[in-house]
Amino acid sequence: MVTTGKPARRFGRGLAAAALVALPAANADAQDVGSALTVAPDFLSGLETPGAVGLPPRTAPAGPFGVSPAPRSPVDTGAAATERPGDMAVRLSPFFSDSLGTPNPPSQLPEGRSWVVRPFIDARALITDNSYTNTRSGKRGEVIATITPGVSASAETARIRGRAFYAPSFVGYLDQREQSRIDHRFLGDATIQLVPGSVFLDLRGYGTISPIASGFTNSDTANLPRRAVAQTYSFSVSPYLLHRFGTQAAVAAGYLFQYVERQGSQASIRPDGVPFYAPGNMISNTVFGTLRTGEDSGPLAAELRLRGTMFDGAGSLNGAHRASAVVEARYALRNNLFAIVEGGYESIHYSSAPPIRIDEPVWGVGVRWDPSPNSMIIARYRRREGVTTPTLEARIALTPRTTVFMRYDDGIATPLQRTADVLQTITVDENNQPVDRLSGAPQPDFAGATVLGLQSGVYRIRRGQASIIHRRDRDSFYFAFRHENRRVLANDPGLVAFGQTSNTFDLTYSRAVNPVTTFTAGASYSLYESPSTPGQNSSWLLRASFRRTFSETLSGTIEYQLSDRRTTLADSNVPISQTRRGLRNAIILSLRKTF
């Protein structure tokens, strides 16, 4: 048994801390090809055609607990929004326009419209000399056709505010037809105002396809065999109440239900060895409550957050629980500078091998600085989940054309729990791409499927990322660095877990050649290693594409890719684990029609 701190009574039915992340408004009706920035593979299809990721609205972030001397951003940055993803239970309503939420942001729908529904269809062909379904005797070429019908919808009414899309992909292999499959991808969130200003219902969901083995990203999924990918679903439902006691205080209370299912085949490093990955599911039930001071408190604001979560699911989450009680205070040193102090108690238990139990006080100190209307920096040093560590969340507008994003966090989680937490920290932008809810930073691997792949067990996960976006009238640049370290704390019963570390560099350049043609080039390089296998593993990708708009509703793309992958961190039952079989050439042709 792994234990820290003093024993405490198990919180079976605690209250949960409300995370105040408001729902951003929905979409822009059309994409500006000249100003759009291509930074990530097209999330809608999972193929390698680039997609556009926009920047967050250029409005001012909120002050402490949502109180701001300047206009506040649709991207909520209230008190609990700065918590780690595992602390985020639910967002408060965008309809509650005073200190306990955010005002309704300006409409981004076409004038006079409160609903927009837009169907579309993609048709793509991938021609490659290495389909990753090769035998151990050599590479194997393939033609992979994908048809992706889809629909995106946005709503902005007096009762409903949200945005979502759904795009199933029918993937067909010309030669190896047994590899054909249907992939489901969707992402969306909505807040429904059941009783004006008092009772709300928050709905969220996503589905995606992720590589199981290390050394791939979500952009590789169309080129991987059925055994090498996992379908993931995640949903959450949260009814909650809000009440304000004039300008003195405000209270929120509610319930959060989360469900995660990850499908796919078991995977092991050695033939017929103990699996490191197995399909599973998770259900969590959370009760939460928040009490915060109002405007009458002046420069000092305080908040009490209570939460209790019970888990039911596979492996370590079977009978697990988390509960916490935290008081946070913020003091306005200046109009845009705030000191942060927090303290409380938490209880955490996982049914792993060995079991993990943490019962101890938590504390933290930090600062928030908003140097400009479109910039915010939140830095903390805290004790949480048995770990004492710094955390950072930053969005810095260096110039009107250049924005820097930075993030670092450190904590304990299982892969399924982390998948559920991610749903509370992302949203979909106007181009149907996943972005961070707080900073607006692109999240191409939002489902937790980084280059390290999928695992089972309980880990201490350190994650850091820094990226910069620069946009000119016709050109866009994007550079990102991502680091992740997973240290094993315990195994799931019947499965093996191993530590991993990765460092990834991404660079993308996009230029509007003319009003109807866009050129995009990109490069990615990853290094990853594990104490369980010898040597250092690597993968890289070079890509170049032209996208042409034939009409307002029809566009086409042609792309060339060259990539290589050398790793021993893979599923031994799939031939892609062979380290000298990773070099691949690919040509991708696609058409998209919107209606």
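Residues numbered from 1 in each chain as written. Predicted model: local features only at pLDDT ≥ 70, side-chain atom pairs only at ≥ 80, totals over all residues. Heavy atoms only, no water.

### Here we look at the overall build of the chain
Assigned secondary structure in the chain consists of one helix and 29 strands. For the chain, the proportion of its 595 residues judged to be buried stands at 58%. Contacts spanning at least 24 positions in sequence make up 65% of the contacts within the chain whose residues lie at least 6 apart. Taken as a whole, the chain presents about 21900 Å² of accessible surface, with 62% of it coming from carbon and sulfur. (Helix = DSSP H or I, 4+ residues; strand = E, 2+ residues; numbered from the N terminus. Buried < 20%, exposed > 50% of the residue type's maximum accessible area, 1.4 Å probe, protein only. Contact = heavy atoms within 4.5 Å. Areas by Shrake-Rupley, 256 points an atom, 1.4 Å probe, with all protein chains shown as cover.)

### Thoughts on the nonpolar core
The nonpolar side chains of soluble globular proteins are, as a tendency, buried together. One finds Met282, Leu317, Tyr350, Ile356, Ile412 and Val458 to be the most contacted residues of the largest nonpolar core, which totals 15 residues. Elements with a contribution of two residues or more to this core: strand E16 (337-350), strand E17 (356-369) and helix H1 (415-423). (Core = buried A, V, L, I, M, F, W, Y, C linked by side-chain atoms within 4.5 Å.)

### Re the pattern of salt bridges
Close approach of charged atoms lets side chains of opposite charge pair. Here the structure, examined in full by the defined rule, presents 31 salt bridges. Put simply, Asp122 and Arg592 hold a salt bridge, and the shortest N to O gap is 2.6 Å. Placement of Asp122 in strand E4 (residues 115-128) and of Arg592 in strand E29 (residues 584-594) is noted, with a sequence separation of 470 residues between them. Residue Arg592 is classed as partly exposed on the basis of its relative accessible area of 23%. Here Arg463 ties to Asp409 by a salt bridge, and the two come within 3.3 Å at their closest N and O atoms. Placement of Arg463 in strand E23 (residues 458-471) and of Asp409 in strand E20 (residues 402-413) is noted, with a sequence separation of 54 residues between them. When salt bridges with common partners are traced through the structure, they connect Arg292, Glu303, Arg305, Glu328, Arg330, Glu342, Arg380, Arg382 and Arg384 into a single cluster. (Salt bridge = Lys/Arg side-chain N within 4 Å of Asp/Glu carboxyl O.)

### Details of the side chain of Arg383
By the element assignment, Arg383 lies in strand E18 (residues 376-384). Within the structure, the side chain of Arg383 is placed 2.8 Å from the side chain of Glu360, a separation counted as a polar contact. Leave out the neighbours within four places in its chain, and Arg383 touches Glu360, Pro361, Val362, Trp363 and Thr388. (Polar contact = N/O pair within 3.5 Å; in protein donor to acceptor, adjacent residues only side chain to side chain.)

### Considering the pairing of strand E10 (residues 199-211)
A large share of E10 lies buried, amounting to 11 of its 13 residues. Pairing geometry for strand E9 (residues 186-195) and E10, over nine bridges, is antiparallel. Residue pairing for E10: Ala190 is matched across the bridge by Leu203. Across 13 bridges, E10 lies against strand E11 (residues 229-245) in antiparallel orientation. Residue pairing in the sheet places Leu203 in a bridge with Val237 of E11. (Pairing = 2+ DSSP bridges.)

### A closer look at the packing of aromatic side chains
Per the counting criterion, the structure on display carries nine aromatic pairs. Measuring from centroid to centroid gives 5.6 Å for Phe200 and Tyr240, while their planes differ by 25°, and the two rings are stacked. Taken together, the positions of Phe200 in strand E10 and Tyr240 in strand E11 put the pair 40 residues apart, joining distant regions of the chain. Exposure class is identical for Phe200 and Tyr240. Each is buried. (Phe/Tyr/Trp six-rings, centres within 6.5 Å; stacked < 30°, edge-to-face > 60°.)

### Let's talk about H1
Counted residue by residue, H1 has nine buried out of nine residues, so it is predominantly covered. Residues Pro415, Leu416, Gln417, Arg418, Thr419, Ala420, Asp421, Val422 and Leu423 constitute the buried set of H1.

### Focus: unusual backbone geometry
The omega torsion of the bond from Ala353 to Pro354 falls at 0°, within 30 degrees of zero and hence cis. Within the secondary structure, Pro354 is located in the loop between E16 and E17. In this model, Glu385 sits at a positive phi of 55°, which is unusual for a non-glycine residue. Tracing the sequence through the fold places Glu385 in the loop between E18 and strand E19 (387-399). You can call Glu385 buried: its relative accessible area is 2%.

### Digging into the pairing of strand E26 (residues 517-529)
On any regular strand, side chains alternate: one points to one face of the sheet, the next to the other face. Across 13 bridges, the pairing between strand E25 (residues 500-514) and E26 is antiparallel. Bridged to Asn503 within E26 is Leu527. Counted between consecutive antiparallel strands, the loop separating E25 from E26 contains two residues. The pairing of E26 with strand E27 (residues 537-549) spans 12 bridges and is antiparallel.

### Details of the side chain of Ser238
Tracing the sequence through the fold places Ser238 in strand E11. One polar contact links the side chain of Ser238 to the main-chain carbonyl oxygen of Tyr255, over a distance of 2.9 Å.

### Some words on the environment of Arg482
You can see Arg482 is positioned in strand E24 (residues 475-490). Separated by 74 residues in sequence, Arg482 and Tyr408 place their C-alpha atoms 9.9 Å apart. Side-chain polar atoms of Arg482 contact the side chain of Asp506, separated by 2.8 Å.

### With respect to the environment of Gly188
Structurally, Gly188 is set in strand E9. Overall, the relative accessible area of 11% leaves Gly188 in the buried class.

Keep in mind these values describe shape, not function.
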